[in-house]
Amino acid sequence: MNRSVLNFWVGLFVLMGFFSFLTLAFKVGNLGSEGSGHTYTLLAHFNNIGQLKERAPVRSAGVLVGRVKSVRFDPVHYNALVKMDIDSQYHFPLDTSAAVLTSGILGEQYIGLDAGGDDKMLKDGGEIKLVQGAMVLEQLIGQFLYNKAQDTTADSKGGKQK
Amino acid sequence: MEAVLRGIRLVGDRTLRIVERIGATAVFLAVTLMYSGTSLQRFGLVIREVFYAGVQSLIIILVSGLFVGMVLGLQGYETLQNYGSAQSVGVLVALSLARELGPVVSALLFASRAGSAITAEIGLMKATEQLSAMEMMAVNPMARVVAPRFWGGVLSLPLLAMLFSTLGIIGGYLVAVVILGVDSGAFWSQMQAAVDFRHDILNGIIKSLVFGVAVCAIATFEGYEAPPTAEGVSGATTRTVVSSSLAILALDLLLTAFMMKGWD
């Protein structure tokens, strides 16, 4: 086959492959939408993290500001130590609170950050002190039933007194 | 008793032959890499093989990718609709294509489209004593014939796999958004939120690179070692398709297990 025809087709093939790589990277994947790429780490201890996984989103006011880097069991405090990679363009006050939340009823779990009012900002490796763990359905139902039972006993006692 | 012993011996013999074959392929791969210097200097030889292995496989890869994506979109929509999350069909299509179907299906197609052709070509060159003639002229057939075909295939497969995934996602988009009426914005934004560049797309490309090395090593080895008869070449071509398909699926399981656990 003629050399220039061959080169043309191979060149076209390589360009098509390169174009599809760019499509996959930017249109399908999240390269480019992931922020500046520079991150710093924040820590938080949760008594219960529910189904939180590595790479779960960290959101503040619903906006993605980072991702969960690792979830470990802390053998000293007997709770879960969560490390988060936060985009370095966002900074949070010292009294920021973190909670494990669920998007939708069956959705994935993520960490929600609520900024506080402190002047000082959390540094790299800083720990978020105000935390709220995941809701556990069994505990919620148990608590509800317990309260209900207390209410009814209180009501029946109240009835006798009258 | 004798029959049982014979049966066990037969199993042992088969196993040893398979292991020998894998070992010989690995040695052949190492020799190919050793003689690759020439083909990298004369890159025109590799470009020629990229044309025969890659460009000529384009049609089958693009069409299969489009259809696989369309089927995924249709099936995903049917099931996800029951849970009221038809918008997630984009996530389903993109993740299954980028992680698994793109690399694996394009490697299977590549093995049967290009791998078999490489085996048949090299096997016939051997049967018609062209390889011996080259050796007579002090041209090393490993460097002149095998290495360019190997590198041409290894370079082509990742490109083909990426094109397969892209066309598949376009096919899924056509079915889900254009025909079935899923919201276009939700389709793309949920996809972008769920697909990670490094964990999903880059790992898929690494997979197709590994499959490319496996398929091309098997195809060149089978061609080079084929008995120089018509029967021998036909048997070698069949063996290329069968063993490279098995190798692709086995390697896929291994790579997926490693990637899910994380390399680091």
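## Structural notes on the interface of chain A and chain B
- Taken together, the contact between chain A and chain B spans 24 residues of the former and 28 residues of the latter.
- Of the roughly 2,400 Å² buried where chain A meets chain B, counting both sides, 77% is carbon and sulfur surface.
- Considering only the surface of chain A that becomes buried against chain B, Phe13(A), Leu24(A) and Val28(A) emerge as the three largest contributors, covering 28% of it.
- The interface formed by chain A and chain B contains zero salt bridges.
- Broken down by element, the residue count for the side of chain A that touches chain B peaks at 18 residues, all from helix α1 (residues 3–28) of chain A.
- Looking at the side of chain A that touches chain B residue by residue, the class counts come to 14 nonpolar, six polar and four charged.

## Here's the deal with the packing of α1(A) against helix α8 (residues 184–194) of chain B
- Direction vectors running N to C along α1(A) and α8(B) enclose 95 degrees, while the axes themselves pass 8 Å from each other. Comparing their axes, α8(B) and α1(A) come out roughly perpendicular. In this structure, α1(A) contributes Phe26(A), Lys27(A) and Val28(A) to the contact, and α8(B) contributes Trp188(B), Met191(B) and Gln192(B).

## Overview of the packing of aromatic side chains
- Summed over all chains, the structure comprises nine aromatic pairs over all chains.
- Consider the rings of Phe8(A) and Trp9(A), whose centres lie 5.5 Å apart with planes at 75 degrees: the pair is edge-to-face.
- For the ring pair Phe21(A) and Phe197(B), a centre distance of 6.1 Å and an interplane angle of 70 degrees mean the geometry is edge-to-face. With Phe21(A) in helix α1 and Phe197(B) in helix α9 (residues 197–224), this residue pair bridges two chains.

## Focus: the side chain of Ser36(B)
All names here are of chain B.
- Within the secondary structure, Ser36 sits in helix α2 (residues 36–41).
- Reaching out from Ser36, the side chain makes a polar contact with the side chain of Trp151 at a distance of 2.8 Å.
- Setting aside its immediate chain neighbours within four residues, Ser36 contacts Ala147 and Trp151.

## A few points about the domain arrangement of chain A
- In terms of domain boundaries, chain A breaks down into domain 1 (1–33) and domain 2 (39–141).
- Computed over C-alpha atoms only, the centres of domain 1 of chain A and domain 2 of chain A are separated by 40 Å.

## Considering the layout of surface pockets
- Of the pockets and cavities examined, the second largest pocket occupies roughly 1,000 Å³.
- Lining the second largest pocket are 42 residues, with Pro57(A), Ser103(A), Gly107(A), Glu108(A) and Gln109(A) sitting closest to its centre.
- Among the secondary structure elements, those contributing two or more residues to the lining of the second largest pocket are β2 (57–60), β3 (63–74), β5 (97–102) and α2 (137–161) of chain A together with α5 (89–127) and α8 of chain B.
- By residue class, the composition of the lining of the second largest pocket is 20 nonpolar, 14 polar and eight charged.

## Comments concerning the sheet that holds β2(A)
All names here are of chain A.
- Overall, mixed pairing links the eight strands, which are arranged β7-β1-β4-β3-β2-β6-β5-β8 in an open sheet. Of all strands in the sheet, those with a lone pairing partner are β7 (126–128) and β8 (130–132), marking the two edges. Neighbour to neighbour, the strand axes of the sheet diverge by 30 degrees on average, direction disregarded.
- By the bridge criterion, three bridges tie β5 to β8 in an arrangement that is parallel. The partner of Ser97 across the bridge, within β8, is Leu130.

Cut-offs applied
- Residues numbered from 1 in each chain as written.
- Chains lettered and ligands numbered in written order.
- Predicted model: local features only at pLDDT ≥ 70, side-chain atom pairs only at ≥ 80, totals over all residues.
- Heavy atoms only, no water.
- Contact = heavy atoms within 4.5 Å.
- Buried area = accessible area lost by both parts, 1.4 Å probe.
- Salt bridge = Lys/Arg side-chain N within 4 Å of Asp/Glu carboxyl O.
- Helix = DSSP H or I, 4+ residues; strand = E, 2+ residues; numbered from the N terminus.
- Nonpolar A, V, L, I, M, F, W, Y, C, P; charged D, E, K, R; others polar.
- Axes fitted to C-alpha atoms, helices over the stretch in contact; angles between N-to-C directions.
- Parallel < 35°, antiparallel > 145°, perpendicular 65-115°, else oblique.
- Phe/Tyr/Trp six-rings, centres within 6.5 Å; stacked < 30°, edge-to-face > 60°.
- Polar contact = N/O pair within 3.5 Å; in protein donor to acceptor, adjacent residues only side chain to side chain.
- Domains from an automatic or database assignment.
- 1 Å grid on protein atoms, 1.4 Å probe; cavity = no way out; pocket = protein on both sides within 12 Å on 5 of 7 lines; lining within 4 Å.
- Points joined across faces, edges and corners; volume = space filled by probe spheres on them.
- Pairing = 2+ DSSP bridges.

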